[in-house]
Amino acid sequence: MLELTRVTAGYDRREPVVRDVSLSLAPGESLGLLGPSGCGKSTLARVAALLHRPYAGTVVLDGEPVRGWRHGAPRAQRTAVGVVFQQPRLSADPRLRLRELIAQPLRATGRRAEVADRVAALAPAVGLTPELLDRRPHEVSDGQLQRACLARALVLRPRWLICDEMTAMLDASTTAALVAVVESYRRESGAGLLAVGHDRVLLERWCDRTVGWPDRSAPRGTPGRIGREAPRA
């Protein structure tokens, strides 16, 4: 399980953007987190991905409490989670060719021997040709770069995948292609998925269930449990 309990987080302790929010995700489940821009859902996603330390609350990953964040988290926990962000150009090193971008997590964890095989397997799966792999981010489209970022998120075979507005900047055909890649990976691996977005139609078609962001107008101190909403038909 991936469990967040009564999490409060943000960038200013006096005005947290996430206040007392809980959610849980089971292995193999796909959960859509729906909310308007600016509500705090991306911050919660970063907490779930072990990239942002909350002010309060707990995160439990595969039965183990999370006590460190970013590079302070144990490697076993860091590598259990793959993340795809909304803006690929902000999450990609502009100096790297796409094949190097995809291989980054393998090199960072000392698994260089796997680079050639994993890149060769993932590139066609996400729709990248050998010619595109030799280009740098400024030489490809947003959609092509996001394909590489998705491959990077999958390269360590994570048990949990977090897609934070992954398709918000993409056209319909690229959106469909990348969602299909994620679903194929989930069927193969049994990974859990947290898909964050503001497109209700997409999330309800994609995910097993979709939940709405808690009402921030509720009195302070009221737990913001993200509960069950409409399951996928």
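Residues numbered from 1 in each chain as written. Predicted model: local features only at pLDDT ≥ 70, side-chain atom pairs only at ≥ 80, totals over all residues. Heavy atoms only, no water.

Student: For this particular structure, what's the right way to read the packing of helix H5 (residues 115–126) against helix H7 (residues 142–154)?
Tutor: Relative placement of two packed helices is described by the angle separating their axes and the distance separating the axes. In the contact formed by H5 and H7, the axes pass within 9 Å of each other and the chain directions differ by 135 degrees. For the element pair H5 / H7, the angle class is oblique. As for how H5 packs across H7, the hand of that crossing is right-handed. From H5, Arg118, Leu122 and Val126 reach across to H7, where they touch Arg147, Leu150, Ala151 and Leu154. When its residues are assigned to classes, the contact of H5 with H7 shows five nonpolar, no polar and two charged. (Axes fitted to C-alpha atoms, helices over the stretch in contact; angles between N-to-C directions. Helix = DSSP H or I, 4+ residues; strand = E, 2+ residues; numbered from the N terminus. Parallel < 35°, antiparallel > 145°, perpendicular 65-115°, else oblique. Left-handed = near helix turned anticlockwise from the far one by under 90°. Contact = heavy atoms within 4.5 Å. Nonpolar A, V, L, I, M, F, W, Y, C, P; charged D, E, K, R; others polar.)

Student: How do you make sense of H7 when you look at a structure like this?
Tutor: Side chains three or four residues apart in an α-helix point the same way, a direct result of the helix having 3.6 residues per turn. The end-to-end C-alpha distance of H7 is 18 Å, a good match for the 18 Å that 13 residues give at a rise of 1.5 Å each. The buried fraction of H7 amounts to eleven of the 13 residues, a majority that puts the element mostly inside the structure. Taken together, the buried positions of H7 are occupied by Gly143, Leu145, Gln146, Arg147, Ala148, Cys149, Leu150, Ala151, Arg152, Ala153 and Leu154. Looking at the packing, one finds that the buried side of H7 touches strand S6 (81–84), helix H3 (88–91), helix H4 (98–108), H5, strand S7 (160–164) and helix H8 (172–189). (Expected span 1.5 Å × (residues − 1). Buried < 20%, exposed > 50% of the residue type's maximum accessible area, 1.4 Å probe, protein only.)

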